[in-house]
Structure formats: structure tokens, C-alpha cells
Amino acid sequence: MQRSPNRMLLILIAAFLLAAGVTALLAFDAVRDVVASLGSRVGLETGPALLPGGSGEQESEGGQQAPIFLDPDTPIQPDGNPAPEPWDGTSRVTILVMGLDHRDWEEGQGAPRSDTMILLTLDPQTSTAGMISIPRDLWVAIPGFDYGKINTAYQLGEAYRVPGGGPGLAMETVEQLMGIEVQYYAQVDFIAFVRMIDEIGGVKVDIPEEIKIDPIGEAPPKTLKPGVQTLPGAVALGYARARNTAGGDFDRGQRQQQVILAIRDRVLSFDLIPILIARAPAIYGEISDGIRTNMTLDLAIRLGLISGQISADSIKRAAIGPDQVTYDISPIGQDILVPIPDNIRLLRDEIFANGNGGSPVTADKSLFQLVLEESADLAVLNGTITPGLAAGTSEFLGNQGLDVSVTDNAAELYSDTTLIDYTGNPYTLQFLMDIFEIHPGRIFHSYDPNSEVDVAVILGQDWAASGVIP
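Residues numbered from 1 in each chain as written. Predicted model: local features only at pLDDT ≥ 70, side-chain atom pairs only at ≥ 80, totals over all residues. Heavy atoms only, no water.

K.L.:
So what exactly am I meant to see when it comes to the sheet that holds strand 21 (residues 455-459) here?
P.N.:
The strands making up a sheet associate through hydrogen bonds between their backbones, and the pairing can be parallel or antiparallel. In spatial order, the strands read 18-17-21-19-20; together these five strands make up an open sheet with mixed pairing. Two strands in the sheet have a free side with no partner beyond their single neighbour: strand 18 (403-409) and strand 20 (443-445). Averaged over all neighbouring strand pairs, the angle between strand axes comes to 20°, with direction disregarded. Two strands pair when backbone bridges link them, and strand 19 (residues 418-421) and strand 21 are joined in this way by four bridges, in the antiparallel orientation. Opposite Thr418, over in strand 21, you have Ile458 as the bridge partner. (Pairing = 2+ DSSP bridges. Helix = DSSP H or I, 4+ residues; strand = E, 2+ residues; numbered from the N terminus. Axes fitted to C-alpha atoms, helices over the stretch in contact; angles between N-to-C directions.)

Right under this line is the structure:
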């Protein structure tokens, strides 16, 4: 038994959404009317959906292939990975998209690293979306492990079989970095990505400058010239992964977003629907092996329909870049990017902003409300010879609604009051700047999510002379 082509298209659209690294969340304008009409005729059934073809088929008696049954309520992921979260249909959804490093398989290194990490967000209430690229050399504390590059979080989760596996640990690491909940993930391997693009006839990309790329596999390196051109899968992937430009990983993140939006444009193109119908079994067969997600088929369809309301102008794009990091060397000699957590979270608020300009963190809230939500633990250290200054200031700050967990003397004397932020608390810093009238040059960032306090306030002679604390 086989479903009608229309039903097959509905299933394929949802599968394609997952395969494209959830890029079809941003690409449903072209098919929403088709899907809406299908919904009135076939509905979003609660039972298994039927799709012929694909690598998940099993051979039945007589050598015939049995069709695949897709359970709309079962995620496409191994047991033990992050459980799917229920969704109320209106709340903001945030998804971590990961592309896995093909070289780890080629070199027999076991569990792969995440070569690509992009945080996608969709707000159904305001019809807005955004994406933030996370560079793989970002040096972070990985929960349950030591510091490492953020692209090793997935690898460690898989290798040590932590709860939730690689996706769970990667999501937790990104949550800690960004200070926001990540409900879902979509993991895409390179081969599935390449084949998917080939099946839809390539993607059109405007290449701003000459760039050398090295496609995975046996394809030789090649140079792409500037201009608009249609790239096949392997070349599109090579373009997205190239790092040999002046901006390195930062440029790379922008190119990855460019390719994602090129896939979006391709899905939007008028001539793709008949191609999807004709190639439905082949496309699904190619992508089903290379996609893992804790989203269900039903959720993917619902998100896809909602995203049809989002215009291209309402999709914000950014990458964690030079303004959000400092350059350093790891203990074993690796080039690393050390986060400036305040700047990262301000970037987050910019990209997660809704149609009215507010973000899910800042919308309709006073600075003091935002400070209370950060719940930063403070250390107040006396950097002067004035006795009792730290104790008096701690009491003063407590009366302002702040939490002071450490009161002590500083290791040296300070002429100017200084703030050191360890975990990313931009609103608390702003509040303290206003209280102490601190110049921005006296604010320092020392990223350490394992720090006993979030912010250290080192009192200088300027504060002692102010007379605020008797």
C-alpha cells in the first residue's frame, strides 16, 4: 500500500526540514499553501505515516521492500539522547544545529567532533527568527569535563556515554555559554548534506571574493571565482567549511549561514515542488541515515507551517566574532578563542529580539529586573587602606537587592574601583557601573564558569573618597 503523492510530499517536506539542518524552518513560504490544502484533505494523522523507499526499509518475503513507517511522535535519534520536550505551539523555540566532522571518521578517531554549530531561534508570536554561528575553537568549560574547544562537547558526550549523549552535552555546553535554554537539536552529517543538495539540483550562492576550497572525499581542491553560481553539494559544503580567508572561522560562520539561506531560496523556488514529489523516495533514503534530532515528525511539520509566516527580512543573522572573543593559546598549544561572555550575551539579545525590538531576555523589563534575573553572586574586595570599606559596601549593595557572597581584602591597592566579570552578567555590570560611576576601561572579563563568584567588585580609593560608605 502507498500513500498519495500529496501525502508523500507532506512527509518529505518535514523530512527535508530536518535534513537541511532545520533550514526549512525558514523556508516554508513556497509550500505552506500546498501543505495547508493537504492538511484539510489528509490531516496530520496521529498514526504512522507511510513512505516507500529509503535506507530504513526491510526486505519482505519475495524480495520486495517493505515501506517505511514514520511515527509522527517518535524522534529520529538513538535511545538515550535528549528526550523531546513538549511544545505549547506559541513559545519561542531554539534549536542547536550541528554538522559533524567527517575527518574523525576518515582517520578512525571514533566519535566525531562538531564541525559546525549554529543556534537557530523561531518566535511564533512575532513571526521572527534568527541564527548565531558559534566558532568551533571557542574555549569553554564543558559540563562534567575540563575546559576544551566547544566542538569537542559532542565528541566527549558520545565517547563517555553521558546522559543525553553527544547532543545532550553539546546542548548543555551551549546553554551555559549563551545563558538561554536550547530545547532541540538537529545533527547532520556531511554526506547527507551533500546528497540532499545534489538531489535538489544544487544551490545558488553569490561568492564575494575568490576562495580556495577543498571538498571532502576524493574531489580535488578548486578555486571559486567571485559572482553568482550554482554549487553542487560537495562544492557547497567545501565553500561553507573553508577557513583560508582573512577572517578564518568568523568568515566561515557567515558562509555557512549564506549556504543555509541559499537552501532556503532553493526550497522557495517555484520549480522545486514537482522535483520533491518525483524524488521523494530517493531524497528521504539519502537523508534518513544522516539526520538525528529530538524533534518529532509532527513537531517538525508544525514548526514548518508556522515558519511560513516569517519573511526574509525578519530573519536576523550573526556570528560570534572578534568583538565577542579574545585570542589565546591553550595549555597544549592550540589556538583558541576565549569568550567575552557579556558581549556574547548582548549579541544573543540582539539576534533573539522580537519584532518590537525587545528580546526574550530584555522585553518590557527594567535594568533592575534584568539584574535580578541574572542572580549574580558578588565578591566585594577592599583595595584600599580604609578599614571596613568592604563590609560597609557589601551591606550597601545588599540593600540595593544584590547578592554578596564574599567580603574580603584585595591582594593589592587600587586607585580606581574595578569590576571583573567571570560568567557573563552584562546587566549586573551596567548596574554596578552606575552605582560606582566606573569608567568602562575598569571592567575586565575573565571567563570562568567554575568561578565561586560571578562578579568581583574591587573597591578603589575613588570609592573610599566618595563618602558614600562612612
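K.L.:
What is the right way to read the side chain of Asp454 from this model?
P.N.:
The topology assignment puts Asp454 in the loop between strand 20 and strand 21. Despite being buried, Asp454 has no salt bridge partner; Arg345 is the closest side chain of opposite charge, sitting 7.9 Å away. A polar contact is formed between the side chain of Asp454 and the backbone nitrogen of Asp377, at a distance of 2.7 Å. (Buried < 20%, exposed > 50% of the residue type's maximum accessible area, 1.4 Å probe, protein only. Lys, Arg positive; Asp, Glu negative; His and termini not counted. Salt bridge = Lys/Arg side-chain N within 4 Å of Asp/Glu carboxyl O. Polar contact = N/O pair within 3.5 Å; in protein donor to acceptor, adjacent residues only side chain to side chain.)

K.L.:
Explain the packing of aromatic side chains to me, please; I cannot follow it from the model alone.
P.N.:
Aromatic ring pairs are defined here through the distance separating the ring centres and the angle between the ring planes. Evaluation of the coordinates by the stated rule reveals four aromatic pairs. Ring centres 5.8 Å apart and planes at 45° place the aromatic pair Phe368 and Phe431 in the tilted group. Of the two residues, Phe368 is situated in helix 13 (residues 367-374) and Phe431 in helix 15 (residues 426-436); the sequence distance between them amounts to 63 residues. Ring centres 4.5 Å apart and planes at 65° place the aromatic pair Phe436 and Trp463 in the edge-to-face group. Of this pair, Phe436 sits in helix 15 while Trp463 is found in helix 16 (residues 461-466), placing the two residues 27 residues apart along the sequence. Between the NZ or CZ atom of Arg255 and the centre of the ring of Tyr239, over which it lies, the distance is 5.8 Å. (Phe/Tyr/Trp six-rings, centres within 6.5 Å; stacked < 30°, edge-to-face > 60°. Lys NZ or Arg CZ within 6 Å of the ring centre and 35° of its normal.)

K.L.:
Can you walk me through the pairing of strand 16 (residues 335-339) in this structure?
P.N.:
Note on strand geometry: in a regular strand, side chains alternate between the two faces of the sheet. Strand 16 sits mainly inside the fold: four of its five residues count as buried. The pairing of strand 15 (residues 325-329) with strand 16 spans five bridges and is antiparallel. Directly across from Val325, in strand 16, lies its bridge partner Pro339.

K.L.:
Looking at this structure, how should I read the confidence of the model for the protein?
P.N.:
The predicted coordinates ought not to be read in detail in places where the model reports low pLDDT. Confidence in the prediction of the protein, expressed as mean pLDDT, is 77, and 73% of residues score 70 or more. For the protein, helix 2 (residues 32-42) is the element with the lowest average pLDDT, namely 37, and strand 17 (residues 377-382) is the one with the highest, namely 97. Within the model, the stretch residues 1-70 combines pLDDT values under 50 with 162 contacts to residues more than four positions away or in other chains. Every residue in residues 355-360 is under pLDDT 50, and counting partners more than four places away or in other chains gives 13 contacts. (pLDDT = per-residue confidence, 0-100. Contact = heavy atoms within 4.5 Å.)

K.L.:
I tried to follow the environment of Met295 on my own but got confused; where do I start?
P.N.:
Looking at the element boundaries, Met295 is found in the loop between strand 13 (291-293) and helix 11 (297-307). Sequence spacing of Met295 and Gln183 is 112 residues, and the spatial spacing of their C-alpha atoms is 9.1 Å.

K.L.:
Help me out: how do you make sense of helix 14 (residues 389-399) in this one?
P.N.:
An α-helix turns once every 3.6 residues. As a result, residues three or four positions apart point the same way. Turning to helix 14, its buried residues number three or more, namely Leu389, Ala390, Thr393, Ser394 and Leu397. Down the axis of helix 14, the sector holding all buried residues measures 130°, keeping them to one side. Along helix 14, exposed side chains directed more than 90 degrees from the buried face belong to Glu395 and Asn399. For helix 14, the secondary structure elements touched by its buried residues are strand 17, strand 18, helix 15, strand 21 and helix 16. Looking one or two residues beyond helix 14, the residue adopting positive phi is Gly401, at roughly 95°. (Arc of directions from axis to C-beta.)

K.L.:
Help me understand the pattern of salt bridges in this model?
P.N.:
Any two side chains of opposite charge can pair, on the condition that their charged atoms come close. What the rule picks out here adds up to five salt bridges. Between Arg92 and Asp123 there is a salt bridge; the shortest N-O distance is 3.5 Å. Remark: Asp123 occurs in strand 4 (residues 114-123) and Arg92 occurs in the loop between strand 2 (68-70) and strand 3 (93-100); sequence separation between them is 31 residues. On the accessibility criterion, Arg92 (15% relative accessible area) is buried. Judged by its relative accessible area of 9%, Asp123 is buried. For Lys149, the salt bridge goes to Asp137, with nearest N and O atoms at 3.1 Å. Taken together, the positions of Lys149 in strand 7 (residues 147-149) and Asp137 in the loop between strand 5 (128-133) and strand 6 (139-141) put the pair twelve residues apart, joining distant regions of the chain. Judged by relative accessible area, which is 15%, Lys149 ranks as buried.

K.L.:
Looking at this structure, how should I read the packing of helix 13 against helix 15?
P.N.:
Interaxial distance between helix 13 and helix 15 falls to 8 Å at its minimum, and their mutual angle equals 125°. With respect to each other, helix 13 and helix 15 are oriented oblique. For the crossing formed where helix 13 meets helix 15, the hand is left-handed. On helix 15, the residues that touch Leu367, Phe368, Leu370, Val371 and Glu374 of helix 13 are Pro426, Tyr427, Thr428, Gln430, Phe431 and Asp434. (Parallel < 35°, antiparallel > 145°, perpendicular 65-115°, else oblique. Left-handed = near helix turned anticlockwise from the far one by under 90°.)

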